[in-house]
Every structure is written in C-alpha cells, then in structure tokens.
Amino acid sequence: MRISVLTLFPEMYENFLHTSIVGRSVASGLVDIDLVQIRDFAHDRYRHVDDSPFGGGAGMVMKCQPVRDAIASVKTEDAWTVMMSPAGEPYSQAKAHQLSQKKHLILLCGHYEGLDARIMNHVDEAVSIGDYVLTGGELASMVIIDSVTRLLKGAIADDSTREESHENGLLEYPQYTQPADYNGEKVPAILLSGNHEKIRQWRLVQSLLETKKRRPDLYARHVLSKDEEKALRAYEEGKLC
C-alpha cells in the first residue's frame, strides 16, 4: 500500500514513521509512505501557500493552486484522496477498513483557518477524527495512518484485531494479566477456570456490558445475536462465574 501525505510540516512525522507497528510496516515494505511539502508548489519567491479570505474575517486560508498542484504531483489512477477536516465524516473503524483496501491513499492536511472550498472538488472525501479543532491536519492523518496500517495483512497477527473495540460495533471486554491477585484485587475466577467456552461467553457478555455502560449510543444501535442472547441468559442465571 502507498500513502502520500500532503503537509506543510513533514518534520512532524519523523519519529512517527519509525516507531511501533507503523515503523515496522514501513521497514518491511508493507506500506510506502511519502511526505509531500505543499509549500514546494507555491509559485512566488516567498512560497506563500495562504492568503486572506474573500469577504473578510480572521485568519488565513490555504490557496487552491499549491494544494491542487501538490495533489496532482502524486495522484495515480487508483489513488483515493482524503482531506482532513473537522467538517468531514466522523472517522470510524469501519472507515479504517474501507481505506485499508485502497492501493494508494492521499491524505491532505490543511492548516491555518482551513482550505479554499474549491479544493473539495478535487478530493474524494473529507474525514474528521472528532468534534474538535486541531491546529492542522497532521495529527489526524497520523491517526488514519496508524489505524489503517495495523489492518494490513502482515502488520500484526490477525487474531490481534478480530476482537478489538469497534470491530463488531461493541467495546472490547476487560483484559487481565499476572498477578492473579494484586493487593486483594483479583482476576475474575472464570478466566482461571480453563473452560474456554465459558470464558468466550463471559467475554461476550462483558463486551456488551462495557458498551452499555460506556457507550450507550453504540449499544442502542446493536442488534443482539442469538449467541449473545444465549450468553446473557447464562450470565443472568449465574452460570458464568
């Protein structure tokens, strides 16, 4: 997979691209990430990429020409261009899966007060990582790069992503490790039972309960499967202790 990042601050990615799963994926050739300095496409001697907004107002707006030329410099036939924007579609695990199927992603990072609205005509979609405003799109693009890269075949073990939060519309069940008793706080006994089917059902129920408690909006949209209904009945009857 190829990811092209269009940014005014490529130096922000120096450590990020050499760390953890992203770093290993880059080193192994699983993903190729290139950083494109938008300012290189400015035509004037001072390499201006922004100007005052028409109609007045605070701040500066990124100009069409440097951004469009930057996009054109990397655009391929199978490229999918995503603009980072607080007004974009809310980013989700489902969107991460969609983007992980693209052969070439172009991530456009705005700055200042935003980008000239005409640039939107030259991207495929805009996404937002949350209902807040950042100084620029760089941090948002890193979130997308990380979430997409870890879904690529070979980045991490398949089992590591299968039961994570949001993969099935629910939050993940609570996890524990050694010691089994830490200052009187004990790991649920069922996890030490060796009964894999009961453990599976317990985790399923805990996933539902965690979602209902912490993200009632997700829980309200979730349709219980027969397996989940069965696990909930067993839990309510005290069979998963």
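Higher on the page you've got the structure.
What counts and how
Residues numbered from 1 in each chain as written. Predicted model: local features only at pLDDT ≥ 70, side-chain atom pairs only at ≥ 80, totals over all residues. Heavy atoms only, no water. Helix = DSSP H or I, 4+ residues; strand = E, 2+ residues; numbered from the N terminus. Contact = heavy atoms within 4.5 Å. Core = buried A, V, L, I, M, F, W, Y, C linked by side-chain atoms within 4.5 Å. Buried < 20%, exposed > 50% of the residue type's maximum accessible area, 1.4 Å probe, protein only. Right-handed = clockwise from strand over helix to strand, strands pointing away. Pairing = 2+ DSSP bridges.

Peer 1: Which parts of the structure should I look at to understand the environment of valine 82?
Peer 2: Here valine 82 is to be found in strand 5 (residues 79-90). In this structure, valine 82 is in contact with Leu99, Leu105, Ile106, Leu107, Leu108, Glu125 and Val127, ignoring residues within four places of it in sequence.

Peer 1: Can you walk me through the nonpolar core in this structure?
Peer 2: In this structure, Ile3, Ile33, Met84, Ile144 and Ile145 are the most contacted members of the largest nonpolar core, which totals 24 residues. The set of elements that each furnish at least two residues to this core consists of strand 1 (2-7), strand 5, helix 3 (93-100), strand 6 (104-108) and helix 4 (138-149). Discounting chain neighbours no more than four positions away, the residues touching isoleucine 3 are Val31, Asp32, Ile33, Asp34, Leu105, Leu107, Ile145 and Thr149. Membership of the second largest hydrophobic core comes to 20 residues, among which are Ala42, Met62, Val123 and Ala126.

Peer 1: Got a minute to help me understand the pairing of strand 1 in this structure?
Peer 2: Two faces make up the sheet, and in a regular strand the side chains alternate between them. Among the six residues of strand 1, five are classified as buried, and the element is accordingly described as predominantly covered. The parallel pair strand 1 and strand 2 (residues 32-37) is bridged by helix 1 (residues 20-28), and the resulting crossover is right-handed. In the sheet, strand 1 pairs with strand 6 via five bridges, with the strands oriented parallel. Following the sheet pairing, isoleucine 3 is matched in strand 6 by leucine 105.

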